[in-house]
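Summary of structural features
Each chain is listed here by its residues.
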Amino acid sequence: MSTAKRSYPPLAIHGGRPVRAKFLPYGRQMVEEEDIAAVVDVLRSDWLTTGPKVKEFEEALASSVGARYGVVFSSGTAALHAAAYAAGLGPGDEAITTSLTFAATANCVLYNCAIPIFADVCSDTLNIDPEQVRQLISAKTKAIFPVDYAGHPADMAALMDIASERGLIVIEDAAHSLGAVYNHRPVGSLAHMTMFSFHPVKHITTGEGGMVVTNHEEFAHRLRLFRSHGIDSDALERRIAGQWYYEMIDLGYNYRLPDINCALGLSQLRRLDENLARRREVATRYDKAFRENDSILTPRVRPLIEPAWHLYPVRVAEGLSRAEVFRALRAENVGVNVHYIPVHLHPYYRRRFGYQNGTCPVAEKAYSQLISLPMFHAMSDADVNDVIEAVDKVTEGLRANAN
Ligand SMILES: *Cc1c(COP(=O)(O)O)cnc(C)c1O
């Protein structure tokens, strides 16, 4: 322990006592009594599925992120599938995306029989690198799918410039960035279409659910078609109009989100600002605490950006093993995770497209060092202190061991 600034008890992986008695997950939803009451109201009403709550939720969320239209879906993945369809992706087309994401971002391109092409990321934000995008554009390129990694918006100005030069559509995967601000503008008002997810680890939840927001009426129309079998109006509208006639004009799915879930989303949305404020507080405390710890690199934030902090991913410094730090933190009962295994390195993508290591060197190097620390709005100050203590204890202890 020669280099230790403070001497810590033995690590839990070495048989010591864990920092926490109870496991702390990396992310978790928060459901309040008012959420439960909102859901119960719907259960007692006439509409369980597509009723008034769908529209209310769509309008409330879209207006909160500065977009004209919102179309809700049964999951974020279904929302991405629909956005890729609305953009007109089809056989023979290519879409450029990042590899440092959840597989759904690239899978939605494949669902539409188009090909995802992986651009490398910027080493500071780990978001898609516009210069790499530029180099990968071909005659077949139709769309770009940036991901706002960890809640830090991608370089949207550069990407929208490229898109307008080359006539491409930008679909922003904002599963991590509901409430983030980019150059004074909310995420949701920047791309042609923006996708949000309401999975329980995300900022607000509907159980499962997602939404695409857009300022373009034509995209909104195509998104609604796709959500409901390619049929041109929903049951509520038909009942109001007293009509029996409908037309299926394209092949769609049943990707609807019930009113029950939308009521939960609406209720959760009312607390989004306090939720974001708490996440920013937690991030600030981590930033400060780890300034002294040169075994880990904290996330970088570019000027004029307010991240939404879905994740707080740190990078383990050279000389320390990420796998070991990960195991040691789990043993301290700190629920760390890794975001993400680069998509092109998954067996399916390797097998189908022949991807090798080295395709996206910056993303792959980052992946070998990344660990996401617990980050959610319901974390108490004591939880945050435990994480800080566990990280300092583990990095110090493993360094001492290595020396
Ligand atoms: C959560 C997530 C999705 C998919 O959302 P689901 O609602 O789980 O289908 C897509 N992309 C990213 C980056 C995500 O984190």
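My aim in this report is to walk through the structure given alongside it, one point at a time. Residue numbers run consecutively from 1 along every chain, following the written order of its sequence. Totals for whole chains, interfaces and linings use all residues, but because this is a predicted model, local features are given only for residues with pLDDT of at least 70 and pairs of side-chain atoms are given and counted only at 80 or more. As a rule here, side-chain values come from all non-hydrogen atoms in the structure, and water together with hydrogens is ignored.

Quick word on the nonpolar core
Ranked by internal contacts, the top residues of the largest apolar core, which has 42 residues, are Phe 57, Leu 61, Met 156 and Phe 196. Numbering goes from the N terminus for both helices and strands, where a helix is a DSSP run of H or I of at least four residues and a strand is a run of E of at least two. Counting residues per element, this core draws most heavily on helix 6 (residues 156–166), which supplies five residues. Setting aside its immediate chain neighbours within four residues, Leu 61 contacts Leu 178, Phe 196, Phe 198, Ile 204, Met 211, Val 213 and Leu 269. Nine residue types can take part in a nonpolar core, namely buried Ala, Val, Leu, Ile, Met, Phe, Trp, Tyr and Cys, and a core is a set of them joined through side-chain atoms within 4.5 Å. Exposed residues in this analysis have more than 50% of their type's maximum accessible area, buried residues have under 20%, and partly exposed residues fall in between, with area computed by a 1.4 Å probe over protein chains only. It only takes one pair of heavy atoms within 4.5 Å for two residues to be counted as in contact.

Regarding unusual backbone geometry
Between His 339 and Tyr 340 the backbone carries a cis peptide bond, its omega angle lying at 5°. Considering the arrangement of structural elements, one finds Tyr 340 in the loop between helix 11 (322–331) and helix 12 (347–353). Its identity as a non-glycine residue notwithstanding, His 184 has a phi of 70°, on the positive side. Within the element layout of this structure, His 184 appears in the loop between strand 6 (181–182) and strand 7 (185–186). Judged by its relative accessible area of 68%, His 184 is exposed. Phi at His 229 is positive, roughly 65°, even though this residue is not glycine. By the element assignment, His 229 lies in the loop between helix 7 (217–227) and helix 8 (235–241).

Details of helix 6
Buried within helix 6 are the following residues: Met 156, Leu 159, Met 160, Ile 162 and Ala 163. Looking straight down helix 6, one finds that the buried residues subtend no more than 160° of arc, so they occupy a single side. Every exposed residue of helix 6 that faces more than 90 degrees away from the buried side is listed here: Ser 164 and Glu 165. Those residues of helix 6 hidden inside the fold are in contact with helix 5 (130–136), strand 4 (141–145), strand 5 (169–173) and strand 6. A positive phi of about 65° marks Gly 167, the residue just after helix 6. The arc refers to the directions leading from the helix axis to the C-beta atoms.

A word on the sheet that holds strand 13 (residues 370–373)
Spatial ordering of the open sheet is given by 10-12-13, a layout of three strands whose pairing is antiparallel. Across the chains shown, the open sheet's two edge strands, defined by having one partner strand only, are strand 10 (296–297) and strand 13. Strand pairing is assigned whenever DSSP identifies at least 2 bridges connecting the two strands. Alignment of strand 10 against strand 12 (residues 312–316), held across two bridges, turns out to be antiparallel. Bridge pairing in strand 12 links Ile 296 to Val 316. Comment: axis = line fitted to C-alpha atoms, over the contacting stretch for helices; angle = value between 0 and 180 degrees taken between N-to-C directions. The strands touched by helix 11 within the sheet are strand 12 and strand 13, with strand 13 carrying the most contacts at an inclination of about 20°.

What to know about the site of the ligand
Summary of the distance rule: residues count as near a molecule or strand when at least one heavy atom falls within 4 Å of that molecule or strand. Surrounding the ligand, one finds 15 residues, the nearest of these being Gly 76, Thr 77, Asp 173, Ser 197 and Lys 202. We define a polar contact as two N or O atoms separated by no more than 3.5 Å, with the added condition that, inside protein, one atom must be a possible hydrogen donor and the other a possible acceptor, whereas residues neighbouring each other in sequence contribute only through side-chain atom pairs. Between the ligand and Thr 77 there is a distance of 2.6 Å, counted from an oxygen atom to a side-chain nitrogen or oxygen. Between the ligand and Lys 202 there is a distance of 3.0 Å, counted from an oxygen atom to a side-chain nitrogen or oxygen. Calculation on the ligand without its partners gives an accessible area of 380 Å², and the protein chains cover 93% of this total. Elements with a contribution of two residues or more to the shell around the ligand: helix 3 (76–86) and strand 8 (193–197). Accessible surface area values rest on a Shrake-Rupley calculation with a 1.4 Å probe, where residue burial reflects the displayed protein chains alone.

Some words on the pattern of salt bridges
The term salt bridge refers to a side-chain nitrogen of Lys or Arg lying within 4 Å of a carboxyl oxygen of Asp or Glu. As enumerated under the stated definition, the model contains 18 salt bridges in all. Residue Asp 155 is joined to Arg 302 by a salt bridge in which the shortest nitrogen-to-oxygen separation is 3.9 Å. You can see Asp 155 sitting in the loop between strand 4 and helix 6 and its partner Arg 302 sitting in the loop between strand 10 and strand 11 (305–306), a full 147 residues away along the chain. The partly exposed category is assigned to Asp 155, whose relative accessible area is 23%. Judged by its relative accessible area of 28%, Arg 302 is partly exposed. Look at the salt bridges and you will find they share partners, linking Arg 278, Glu 281, Arg 285 and Asp 381 into a network.

What about the pairing of strand 5?
Counted residue by residue, strand 5 has five buried out of five residues, so it is predominantly covered. Taking every second residue as pointing to the same face, both faces of strand 5 are buried, with Ile 169, Ile 171 and Asp 173 on one and Val 170 and Glu 172 on the other. As defined by bridge partners, strand 4 adjoins strand 5 across two bridges and the pair is classed as parallel. Opposite Ile 144, over in strand 5, you have Val 170 as the bridge partner. Here strand 5 pairs with strand 8 via three bridges, running parallel. Looking across to strand 8, one finds that Ile 171 is bridged to Met 193.

Quick word on the sheet that holds strand 7
Here three strands make up an open sheet; going across it, the order is 7-6-11 and the pairing antiparallel. Of all the strands in the sheet, just strand 7 and strand 11 have a single pairing partner and so form its edges. The pairing of strand 6 with strand 7 spans two bridges and is classified as antiparallel. Residue pairing across strands places Val 181 opposite Pro 186, the latter belonging to strand 7.

Concerning the packing of aromatic side chains
Each Phe, Tyr or Trp ring (for Trp, its six-membered ring) is paired with any other whose centre lies within 6.5 Å, and the angle between the two planes then decides the class: stacked below 30 degrees, edge-to-face above 60, tilted in between. All chains considered together, the criterion is met by 14 aromatic pairs. Ring centres of Tyr 85 and Phe 226 lie 4.4 Å apart, and the angle between their planes is 25°; this geometry places the pair in the stacked category. Of the two residues, Tyr 85 sits in helix 3 while Phe 226 sits in helix 7, which places them 141 residues apart along the sequence. The same class applies to Tyr 85 as to Phe 226, namely buried. Seen in terms of ring centroids, Phe 118 and Tyr 355 are 5.6 Å apart; in terms of plane orientation they differ by 70°. Their pairing is edge-to-face.

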